[in-house]
Number of protein chains: 2
Amino acid sequence: MNATPTKQKSPDRTNVAIIGMGTVGAGVAQLLIDHGDRTARHAGKTIWLSKAVVRDLSKPRGIELPEGVLTDSIDDVLNDPEIDVVIQLMGGLSPAREVMLRAMEAGKDIVTANKALLAEHGAELFTRARELGRSIAFEAAVAGGIPIIANISQCLSANQIESLEGILNGTSNFIVSQMDEKGAGYDETVKRAQELGYAEADPAMDVDGTDAAQKLAILSHLAFGATVDWRDIPRQGIDGLDPADLVYARQLGYRIKLLATARLVDGELELSVAPTLVAIGTPMAEVRDAFNAIRVVGDAVGPVFYHGLGAGQMPTASAVVADVIDTAVGRTPITFETLEYFSAERPPRTAQRDVDRLRGRYYLRLRVANDPGTLAAIAGVLSNQSISIASVIQHEPKSKDEASSSDNTVPLVIMTHEASEGAASRATTDIEALPAISGSVVRMPVRA
Amino acid sequence: MNATPTKQKSPDRTNVAIIGMGTVGAGVAQLLIDHGDRTARHAGKTIWLSKAVVRDLSKPRGIELPEGVLTDSIDDVLNDPEIDVVIQLMGGLSPAREVMLRAMEAGKDIVTANKALLAEHGAELFTRARELGRSIAFEAAVAGGIPIIANISQCLSANQIESLEGILNGTSNFIVSQMDEKGAGYDETVKRAQELGYAEADPAMDVDGTDAAQKLAILSHLAFGATVDWRDIPRQGIDGLDPADLVYARQLGYRIKLLATARLVDGELELSVAPTLVAIGTPMAEVRDAFNAIRVVGDAVGPVFYHGLGAGQMPTASAVVADVIDTAVGRTPITFETLEYFSAERPPRTAQRDVDRLRGRYYLRLRVANDPGTLAAIAGVLSNQSISIASVIQHEPKSKDEASSSDNTVPLVIMTHEASEGAASRATTDIEALPAISGSVVRMPVRA
């Protein structure tokens, strides 16, 4: 169907170009070429892959492109007035940013999956797009196969979103799920995830919460009109997670998930990314492996829960091609113009709440001296910060090893009632200063 | 904000009218009047409630409408050229159908929540809308707060949908969940659901599978291009569900849910509505109370799971108002024109598969004579139909009552391996004819 790419601009056809033919680019090309009937049915016209720009023409990509499509010159796209939509799939910030700006200046609408670029330069890129009368679609930038951008921007538009929480990083969720199911340690599980292709050679951005924070910043803008620098989101990763915490959590009726949370409280936005205890029996606790999930609560609709693959070639390509169709038929330009994302003329509707004021329940785990006065001392510290204890797990030493361990300590797990982050943080510091405490306190928020 | 309803047609404003001010109508009015800022932000202009048509002006509705809005004359809407969108919330088929046709003839775009009307007269109404250059939006007609129409029509447009299964009737799910959690019987649970407002005085259409079948027919058209009369969908309700089956299912690792299923098999569509054993630990099994859920599998995106409130005033109003915004900004007309739902010129892409050929695993429960040869006889019947047994539960009689029951029978539960519906149906008939069998066989499909 795409065999004779003669150029023509017609209402029956939208010509598109892909810049960056990595895994996702190849998936997008495959959908456009092999399933032209499908995209045509949804777009009411042909979506035609005119060009695919790569750095190295000789590199194999596992997909057969019609002759004349592959090129190593971005100018082949920018100088072609018949190309309407540029699918920007270059990673990183530069030259991705410059290429996107040039493409918009050349009159192209943009579809992109580059979350980091939007998190860093969203305001500049969206402002420039509006100046130029162009649109940017970015469904694939957050949670891959879950169409959360369209759902927040359109489907839930009658609502004031009250909260949004999600498992937004598939690599972290894969690692935590595997540790939980197999009782394995962090390091060996990361290694296994790398072997299976679920984690990069350097998974730092995935496991330290950066990736989830960048996605949360984007979603917070869409859902709450907040302008958030992802660096300002308090974040903790799953790096170094101790399997013991997964076991204690389960005993208490929870699983641990790397949860990104945005909640409206008294008109301000509570934001955080942290390993969080999620109650077993809720859909969020059942999210396994590399899946993502997002729970949105709207004041009219109530809770809506989405679950799907957050990354991978074809789930991401699915989001990209849906955006291409929406752009080609004209829905994206309408949405883009109406919502004025990152507009300087639309001041932020919501400010970020001071971290110390975030409220929630906490899980604390520490090693304490096996002495009668220890629990009283800890309870005293918590009480000083007005934090009540909901439950405690302290077993008798299970093994001789444990009983006769050189430091005579035992693990103690405490679940608190609701407290502020500030109080919990101060209590943690004070507990760590108690002479009966060995090492540092593991602290995680808890969701009902 | 809506206090001085002076009429003017301007690009800054879309005037709308509600016909039918029941529970949902009042919710829609509330969102439009109390949250005009919100709708304006998403629509880029004011959405103005000009008229609300009711049968009885004196009936209290729990909402304060600006003067001049409430009327008992549909002509006030049809004859007002400044009204662009009619929100059609009348129930039933007639005069809802006639009113919708007249409104379109008067130049109005339609937003509706009337699922039964679309299931019965969709082809006529959509064809007429296209002739008149009007659009019909119907997000609220299926699964209330879950935006499944937009998700299938737009967000997943890059996919060939391979299967779709859902809990589409909140009343049934509430009843089954309550029976499961409380171990209560069907009749008393229905009564309780009625008291709590989760079931109508006559819940027949909800509990006998009709409502779910009508929704499945609509979704099947959107997802597979099939033209299905809901009456042709094999369906079984939860009416008369025996709590014993919930207990056996749990022992086998399943919960029972009223599941509506559409699956593409060899290019044909398998459709069914039936109480179904759903594996515990999957998100679908955790759908409780009046929630709805839908799992869509696309060939690119993989599985996407949606969970939310399927009915109720504000979830449904949320869907209606999102449709109003989409219509006012112009997205709905684009989608409506592009997709050509129920178009005579777009012949069905998919035919419905013969019921007998549906394949799956089955749960069978029966009462058998407590004799050594019985299981062999049953196994023989199944074997004759090439059905293999996966597992069997047959306890020794638990109580003296059971052992000394006048007919000397005990319950027997069988899980089969995969078989066709035809074979399972024939086997059931043959088993019921065995002399060792008392009463009829309970049979339900099973989902992994």
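Residues numbered from 1 in each chain as written. Chains lettered and ligands numbered in written order. Predicted model: local features only at pLDDT ≥ 70, side-chain atom pairs only at ≥ 80, totals over all residues. Heavy atoms only, no water.

**Some points on the relation of the copies chain A and chain B**
Next, step 1: The two copies are related by a screw operation: chain A maps onto chain B through 180° of rotation and 0.0 Å of translation along the axis, at an RMSD of 0.0 Å. The relationship between the two copies is best expressed as a two-fold rotation axis.
Next, step 2: Same-surface contact between copies: 98% of interface residues of chain A are shared with the interface of chain B. (Least-squares fit on C-alpha atoms with pLDDT ≥ 70 in both. Contact = heavy atoms within 4.5 Å.)

**Section: the nonpolar core**
Next, step 1: In this structure, Ile148 and Leu164 of chain A together with Ile148 of chain B are the most contacted members of the largest nonpolar core, which totals 172 residues.
Next, step 2: Residues within four places of Ile148 of chain B in sequence aside, it is in contact with Glu139, Val142, Ala143, Leu219, Ile294, Val296 and Tyr306 of chain B.
Next, step 3: Residues Ile18, Ile33 and Ala317 of chain A together with Met21 of chain B belong to the second largest nonpolar core, which totals 66 residues. (Core = buried A, V, L, I, M, F, W, Y, C linked by side-chain atoms within 4.5 Å. Buried < 20%, exposed > 50% of the residue type's maximum accessible area, 1.4 Å probe, protein only.)

**Observations regarding the pairing of strand E13 (residues 359-369) of chain A**
Residues and elements named next belong to chain A.
Next, step 1: When you tally the buried positions in E13, you get eight out of 11 residues, the bulk of the element.
Next, step 2: Sheet analysis places E13 next to strand E16 (residues 419-420), joined by two bridges and oriented antiparallel. Counted as the bridge partner of Gly360 is Ala419 from E16.
Next, step 3: Two strands pair when backbone bridges link them, and E13 and strand E17 (residues 437-447) are joined in this way by seven bridges, in the antiparallel orientation. Of the residues in E17, the one forming a bridge with Tyr363 is Met444.
Next, step 4: In this sheet, strand E15 (residues 409-416) lies alongside E13 in antiparallel orientation, the contact comprising seven bridges. Within E15, the position partnered with Leu366 by the bridge is Leu412. (Helix = DSSP H or I, 4+ residues; strand = E, 2+ residues; numbered from the N terminus. Pairing = 2+ DSSP bridges.)

**Quick word on the UniProt feature "active site" (unreviewed entry) in chain A**
All names here are of chain A.
Next, step 1: In this numbering, the UniProt entry assigns the feature "active site" (unreviewed entry) to Lys215.
Next, step 2: Residue placement: Lys215 occurs in helix H10 (residues 210-224).
Next, step 3: Taking relative accessible area as the criterion, Lys215 reaches 9% and is therefore assigned buried.
Next, step 4: When near neighbours in sequence (up to four residues on either side) are disregarded, Lys215 contacts Lys115, Ala141, Val142, Ala143 and Leu168.
Next, step 5: Within the structure, the side chain of Lys215 is placed 2.8 Å from the backbone oxygen of Leu168, a separation counted as a polar contact. (UniProt positions renumbered as here; feature names shortened; annotations may be inferred. Polar contact = N/O pair within 3.5 Å; in protein donor to acceptor, adjacent residues only side chain to side chain.)

**Looking at the sheet that holds strand E4 (residues 83-88) of chain A**
Hydrogen bonds between backbone atoms are what pair the strands of a sheet, whose relative direction is either parallel or antiparallel.
Residue and element names in this part refer to chain A.
Next, step 1: Reading across from one edge, E3-E2-E1-E4-E5-E6 is the order of the six strands in this open sheet, with parallel pairing throughout. Single-partner strands in this sheet number two, and they are strand E3 (70-71) and strand E6 (136-137).
Next, step 2: Here E4 runs beside strand E5 (residues 109-112); their pairing, made up of four bridges, is parallel. Bridging across to E5, Ile87 finds its partner in Val111.

**Digging into helix H11 (residues 243-251) of chain A**
Residue and element names in this part refer to chain A.
Next, step 1: Residues of H11 that are buried include every one of Asp245, Leu246, Tyr248 and Ala249, and no others. The buried residues of H11 occupy an angular sector of 165° when the element is viewed end-on, so they sit on one face.
Next, step 2: Its side-chain oxygen 2.9 Å from the backbone nitrogen of Ala244, Asp242 forms the N-cap of H11.
Next, step 3: One or two positions beyond H11, positive phi appears at Gly253, with a value near 95°. (Arc of directions from axis to C-beta.)

**As for the pattern of salt bridges**
Between side chains of opposite charge, pairing is possible as soon as their charged atoms come close.
Next, step 1: For the coordinates displayed, the defined rule picks out 52 salt bridges over all chains.
Next, step 2: Among the salt bridges present, the one from Glu124 of chain B reaches Arg97 of chain B, with a minimum N-O distance of 2.8 Å. Placement of the pair is Glu124 of chain B in helix H5 (residues 115-132) and Arg97 of chain B in helix H4 (residues 96-105), with a sequence separation of 27 residues.
Next, step 3: With a relative accessible area of 32%, Glu124 of chain B lands in the partly exposed category.
Next, step 4: One continuous salt-bridge network, built from bridges that share partners, spans Arg263, Asp266, Glu268, Glu270, Arg353 and Arg357 of chain A. (Salt bridge = Lys/Arg side-chain N within 4 Å of Asp/Glu carboxyl O.)

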